[in-house]
Protein chains: 2
Amino acid sequence: MPDGGDPTALGFRPALETVIPLARAGPIMLRVGVNGYGTIGKRVADAVRAQPDMEVAGVAKTRPNFEAERAVAKDFPLYAAVEERADQFGEAGIDLAGMVEELVETADVMVDATPSGIGAENKSLYEEHDTPALYQGGEDEDLVDTSFNARANYADAAGADHVRVVSCNTTGLSRLVAPLEEEYGIEKVRATLVRRGGDPAQSGRGPINDILPNPRTLPSHHGPDVKTIFPDLAIDTLGLKVPATLMHTHSINVTLDSDATADAVRDLLRDESRLFVIPERLDIDGAGALKEFALDAGRPRGDLWENCIWGESITVEDDDLYLFQAIHQESDVVPENVDAIRAVTGSADAAESVATTDDALDMGF
Amino acid sequence: MPDGGDPTALGFRPALETVIPLARAGPIMLRVGVNGYGTIGKRVADAVRAQPDMEVAGVAKTRPNFEAERAVAKDFPLYAAVEERADQFGEAGIDLAGMVEELVETADVMVDATPSGIGAENKSLYEEHDTPALYQGGEDEDLVDTSFNARANYADAAGADHVRVVSCNTTGLSRLVAPLEEEYGIEKVRATLVRRGGDPAQSGRGPINDILPNPRTLPSHHGPDVKTIFPDLAIDTLGLKVPATLMHTHSINVTLDSDATADAVRDLLRDESRLFVIPERLDIDGAGALKEFALDAGRPRGDLWENCIWGESITVEDDDLYLFQAIHQESDVVPENVDAIRAVTGSADAAESVATTDDALDMGF
């Protein structure tokens, strides 16, 4: 952030004051830096570029690889994330725009999309340049001022310096919990997360031909993580890992506080822009068909930003709601990162931001 | 069954009268025929042979293959299950003892271990020879007089002509439900069954690299199937299929009627001979390690007849008990079939039969 100040003296970050009036005055473009250009970072960069009110100030990477080459091919200014390895880019024939410190100084907001734990190491960098930063769900909640889900607690991020966009699974659970909690009240959520072993390109990961309770102790971290968004929610989660790479699949039980029918719940969920209630007529049986469907629809990289809920699985037995949903671990947090950029800069309220993001990404099928 | 009669006139099968006195008088060997010598049939035949009060009258198969060759090598009299294909055995150099009708006539009890739906076609064969028959869980409950689980409803099979040993998953759920229901009472069971796509030798089955809600509608058949054993139990089940072949894995929630602690539940389950509470110190993370453990222990075919419950997963949150258990689809029904043989012939009560079976198989680790 170029025009810093003393945030302590002012009580909140000066950028919030400067950006809001300018945004109201006309089309100001938020300059967004992306640190870490892997699975999440490259998707966030594309999504940011698609927004009418944002531009990509640059992306930072630790080492040259095919993704670095593609970043340059897309005209994203590429910065080296580690001084000692910067020479490797030149040796690989890749031109750098500079070091990541320059990007952080230039950007209005940094999106840290580095691997789990590296975001924490980068925090001081963002603080030195007084640039607000978004971190991903792999970081600890104690690192940040607030955890974030656009549907559930957008306003909590206003003026925050450090915000954690919760993980793919927590995002998927939060999007589902929010409307159910508002409409029916929730007595308890019990969720079994059947998780993919690794992403498609993570060929070194497992399991092979096994079903692993993971962790073997309960609860999995997902339940407590959802509570960073819904502090008062009763939720127990169990996790497993299986030999699949495409998406996670959740087996969900929600004991509701008031009467519901499957049809009413289906209608409620259909009204949410980031919940895709898969119509039974499509005969989509799993993540493979979902990805194929997304690719046929022209989605970049076949991404499924929405929770994918099987419509015919939505069932109510007494007070218990059940359903299956698939969560695309590589992309469902992407629109949330975009919204978090607006939330921390105060450039839009939740409804405006979500509508803008969804419109720019052409959300929905 | 050689010495038949008119079961209608007598009100129940004469064999029950003849076998019980003989069993009390001295060591009578129950002659057991096995129709279908595949995954389940070959295991049941071995388990029957291991019993002190049973002998294998013969096994029947539709066609020659490696399992037929092994049956002969083990000195099991081999019968042809289909007249039209009987010649194939001779052409393959395999000697037949006769046709399946002869086996049914000779046997005191038939265990039908044919593929789902074939058991129903075989029912008239068993009726013609007045030989009581056990069927596997793939058959419809309407086919039989009673469904069977040794721990839960052994006595219901006394004198029955047609008994269905419930499926591997239903057996696994029933064994767990029985002690919990007795000790605490059960308000509701909610179970997510993460199922293997096929057995190790079923190389034509899937899924590959996917997680399939299966069925996509709720409940899966498992919940209603458990109710054939526990008619009054409230149970909701959800099923998925994943790319694994070794075992099923259940993510279990049981809302209990009375207070429990994890330690007390762990102790309760440890006392059950067919529940193997995996000690945390073994560091067994999944089905691969479980099978390796069973093979190291000298288990035939690496079979795990017991539910394999991760000790450290047993957790109580308020009224909710949670745990993970792995179910070996190829073998957990084997001791149940052995017990069902004694149950229908009235040759032992539940406690005697289970103790005899477990001792003969060297159950437990």
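Residues numbered from 1 in each chain as written. Chains lettered and ligands numbered in written order. Predicted model: local features only at pLDDT ≥ 70, side-chain atom pairs only at ≥ 80, totals over all residues. Heavy atoms only, no water.

### Here we look at the pairing of strand 5 (residues 109–112) of chain A
Residue and element names in this part refer to chain A. Every second residue of strand 5 is oriented toward a common face, with V109 and V111 on one face and M110 and D112 on the other, all of them buried. The pairing of strand 5 with strand 6 (residues 133–135) spans 2 bridges and is parallel. The residue of strand 6 that forms the bridge with V111 is L134. In this view, the connection linking strand 5 to its parallel neighbour strand 6 by way of helix 7 (residues 118–128) has right-handed handedness. (Buried < 20%, exposed > 50% of the residue type's maximum accessible area, 1.4 Å probe, protein only. Helix = DSSP H or I, 4+ residues; strand = E, 2+ residues; numbered from the N terminus. Pairing = 2+ DSSP bridges. Right-handed = clockwise from strand over helix to strand, strands pointing away.)

### Some thoughts on the sheet that holds strand 4 (residues 98–99) of chain A
Residues and elements named next belong to chain A. Spatially, 4-3-2-1-5-6-8-7 is the arrangement adopted by the 8 strands of the open sheet, whose pairing is parallel. In this open sheet, the two edge strands, each paired with only one partner strand, are strand 4 and strand 7 (146–148). Across the sheet, helix 3 (residues 39–49) lies against strand 1 (30–35), strand 2 (54–61) and strand 5, angled at about 160 degrees from strand 2, the strand it touches most. The sheet strands contacting helix 13 (residues 334–345) are strand 1, strand 2, strand 5, strand 6, strand 7 and strand 8 (162–165), and the helix crosses strand 5 at an angle near 145 degrees. (Contact = heavy atoms within 4.5 Å. Axes fitted to C-alpha atoms, helices over the stretch in contact; angles between N-to-C directions.)

### A word on the side chain of S220 of chain A
Residues and elements named next belong to chain A. Mapped onto the elements, S220 comes out in the loop between strand 10 (212–213) and helix 10 (222–226). Side chain to side chain, S220 and T237 meet in a polar contact 2.7 Å long. Filtering out sequence-adjacent residues up to four positions away, S220 remains in contact with P215, T237, L238 and G239. (Polar contact = N/O pair within 3.5 Å; in protein donor to acceptor, adjacent residues only side chain to side chain.)

### Here's the deal with the packing of aromatic side chains
Applying the stated criterion across every chain yields a total of 12 aromatic pairs over all chains. Where F276 of chain B meets F365 of chain B, the ring centres are 4.8 Å apart and the plane angle is 50 degrees; that geometry is what we call tilted. Of this pair, F276 of chain B sits in strand 13 (residues 275–278) while F365 of chain B is found in the segment after helix 14 (350–361), placing the two residues 89 residues apart along the sequence. With relative accessibility at 10%, the residue F276 of chain B sits in the buried group. Pairing F293 of chain B with F365 of chain B gives two aromatic rings, centres 4.8 Å apart and planes at 50 degrees, and the pair type is tilted. Within this pair, whereas F293 of chain B is found in helix 12 (residues 287–296), its partner F365 of chain B is found in the segment after helix 14, the two being separated by 72 residues in sequence. An aromatic cluster of at least three residues, connected via ring pairs, comprises F276, F293 and F365 of chain A. (Phe/Tyr/Trp six-rings, centres within 6.5 Å; stacked < 30°, edge-to-face > 60°.)

### What about the interface of chain A and chain B?
Contacts between the two partners involve 45 residues from chain A, matched on the other side by 45 residues from chain B. In this assembly, chain A and chain B are joined by 8 salt bridges. Here D320 of chain A and K188 of chain B are joined by a salt bridge, their closest N and O atoms 2.7 Å apart. Our count for the chain A to chain B interface comes out at 22 residue pairs in polar contact (both at pLDDT 80 or more). For the side of chain A that touches chain B, the element with the most residues is strand 9 (residues 186–196) of chain A, which contributes 6 residues. (Salt bridge = Lys/Arg side-chain N within 4 Å of Asp/Glu carboxyl O.)

### Focus on the environment of R196 of chain A
Summarising the element assignment, R196 of chain A is placed in strand 9. Expressed as a C-alpha distance, the spacing of R196 of chain A and L246 of chain A, which sit 50 residues apart in the sequence, is 6.8 Å. Other than its neighbours up to four places away in sequence, R196 of chain A contacts Q202, R205, V242, A244, T245, L246, M247, H248 and Q329 of chain A together with I211 of chain B. Within the structure, the side chain of R196 of chain A is placed 2.9 Å from the side chain of D199 of chain A, a separation counted as a polar contact.

### Some points on the relation of the copies chain A and chain B
Overlaying chain A with chain B gives an RMSD of 0.0 Å, the required rotation being 180 degrees about an axis along which the chain moves by 0.0 Å. In the structure described here, the two chain copies are related by an operation that fits a two-fold rotation axis. Of every C-alpha in chain A, the one belonging to P243 of chain A sits nearest the axis of rotation, 3.0 Å from it. Same-surface contact between copies: 100% of interface residues of chain A are shared with the interface of chain B. (Least-squares fit on C-alpha atoms with pLDDT ≥ 70 in both.)

### Things to note about the UniProt feature "binding site: D-glyceraldehyde 3-phosphate" (unreviewed entry) in chain A
All names here are of chain A. The sites that UniProt annotates as "binding site: D-glyceraldehyde 3-phosphate" (unreviewed entry) are S167, C168, N169, H222 and G223. Considering the C-alpha atoms alone, the annotated residues occupy 57 residues of sequence yet fold into one spot, their largest mutual distance being 13.0 Å. Looking at the element boundaries, C168 is found in helix 9 (residues 168–183). Dropping the residues within four chain positions of it, C168 is found in contact with H248, I327, Q329, D332 and V333. Mapping H222 onto the fold places it in helix 10. A relative accessible area of 1% places H222 in the buried class. If sequence neighbours within four positions are ignored, H222 has contacts with N169, T170, L173, L193, R195 and T237. A polar side-chain atom of H222 sits 2.8 Å from a polar atom in the side chain of S220. (UniProt positions renumbered as here; feature names shortened; annotations may be inferred.)

### Considering the sheet that holds strand 7 (residues 146–148) of chain B
All names here are of chain B. Read across the open sheet, the 8 strands follow the order 4-3-2-1-5-6-8-7; overall the sheet is parallel. Two strands in the sheet have a free side with no partner beyond their single neighbour: strand 4 (98–99) and strand 7. Alignment of strand 6 (residues 133–135) against strand 8 (residues 162–165), held across 3 bridges, turns out to be parallel. Across the sheet, the residue bridging to Y135 is R164, located in strand 8.

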